[in-house]
Amino acid sequence: AASGKFAALMLDDAKTVGIFELEHFLLVKQFVVGENYHLRFSMDGTALVVFGSCRSAGAGCRVYDPHSGNELGKVWSAEEIGHEGFCQDLGSAEFSPDSKHLVAGCMAQGAAIFTRRGERVTIVESAARTVISSCAWSPCGQWLAVGHGTQGCLMIHRVYA
């Protein structure tokens with residue numbers, strides 16, 4: 001987390017998140033999230049996005065309260081990410097600097113901005129049907145960079161989230 005006091009790790013079963021207090025490296029919370037492999041804290045440390053795989057039920061991109069383990073919102077389900085009979089993993093999900101919004105990107109859907117609870121705010125224009133390999137907010141939260149890994153292209157967008 002931004003405070004530097006906690007870290008989130010996928011545990012050995014690759015379906016459970018462990019929240020560790022870093023000073024003593026103690027496991028303080030664990031909760032099952034489905035098969036995923038990327039974790040990102042919000043800047044204020046009050047939310048954790050878990051994303052990556054859509055290979056199992058309950059996977060996709062979800063936002064959790066890292067202190068309770070309760071789900072705050074579902075951004076994209078595995079069914080929404082899948083396209084043309086094969087599975088598309090999420091390439092990136094990042095919280096805005098004010099921690100109020102989340103950008104998530106995958107091949108089938110491109111990139112979109114969501115609230116923390118999963119309501120879609122806007123679709124980010126991107127090169128059609130390309131893998132979104134990364135997304136990054138500017139420190140002021142008004143600009144968004146979207147990287148398209150397979151085409152070696154970077155698009156910069158002005159957003160008003």
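Residues numbered from 1 in each chain as written. Predicted model: local features only at pLDDT ≥ 70, side-chain atom pairs only at ≥ 80, totals over all residues. Heavy atoms only, no water.

> For this particular structure, what's the right way to read the nonpolar core?
Counting twelve residues, the largest nonpolar core consists of Ala 47, Val 49, Phe 51, Cys 61, Val 63, Val 75, Ala 93, Phe 95, Leu 102, Ala 104, Ala 112 and Phe 114. If you look at the next biggest cluster of nonpolar residues, it comprises ten residues, including Ala 8, Val 33, Leu 39 and Leu 48. (Core = buried A, V, L, I, M, F, W, Y, C linked by side-chain atoms within 4.5 Å. Buried < 20%, exposed > 50% of the residue type's maximum accessible area, 1.4 Å probe, protein only.)

> In this structure, what is going on with the sheet that holds strand β3 (residues 26–32)? I would like to understand it.
Two orientations exist for strands paired in a sheet by backbone hydrogen bonds: parallel and antiparallel. The antiparallel open sheet is built from three strands, whose spatial order is β1-β2-β3. Since the sheet does not close on itself, it has two edges, and those belong to β1 (6–10) and β3, each with one partner. Shown here is a sheet whose adjacent strand axes are inclined to one another by a mean of 25 degrees, direction ignored. For strand β2 (residues 16–21) and β3, the ladder comprises six bridges, and the chain directions are antiparallel. Its bridge partner being in β3, Gly 18 is matched across the sheet by Gln 30. (Pairing = 2+ DSSP bridges. Helix = DSSP H or I, 4+ residues; strand = E, 2+ residues; numbered from the N terminus. Axes fitted to C-alpha atoms, helices over the stretch in contact; angles between N-to-C directions.)

> Looking at this structure, I do not really get unusual backbone geometry. What am I missing?
Across the chain, the bulk of peptide bonds are trans and the bulk of non-glycine residues have phi less than zero. The phi angle at Phe 25 is positive, at roughly 45 degrees, despite the residue not being glycine. Relative to the helices and strands, Phe 25 is located in the loop between β2 and β3. Its identity is not glycine, yet Ser 99 carries a phi of approximately 65 degrees, on the positive side.

> Help me understand the pattern of salt bridges, please; the structure alone is not making it clear to me.
Here the idea is simple: oppositely charged side chains can pair when their charged atoms come close. Tallying each qualifying case throughout the model produces one salt bridge. Taking the shortest distance from any N to any O, the salt bridge between Arg 40 and Glu 94 comes out at 2.7 Å. Pair noted here: Arg 40 is in strand β4 (residues 38–41) and Glu 94 is in strand β8 (residues 90–95), with a separation of 54 residues, a long-range link. (Salt bridge = Lys/Arg side-chain N within 4 Å of Asp/Glu carboxyl O.)

> What's the story with the sheet that holds strand β13 (residues 143–148) in this structure? I'm lost.
One open sheet accounts for three strands, arranged β12-β13-β14; its pairing is antiparallel. If you trace the sheet from one side to the other, it starts and ends with β12 (132–137) and β14 (153–158), each paired once. For this sheet the average axis-to-axis angle between neighbouring strands, irrespective of direction, equals 20 degrees. As paired strands, β12 and β13 are joined by five bridges and run antiparallel to one another. Across the sheet, Ile 132 pairs through a bridge with His 148, a residue of β13.

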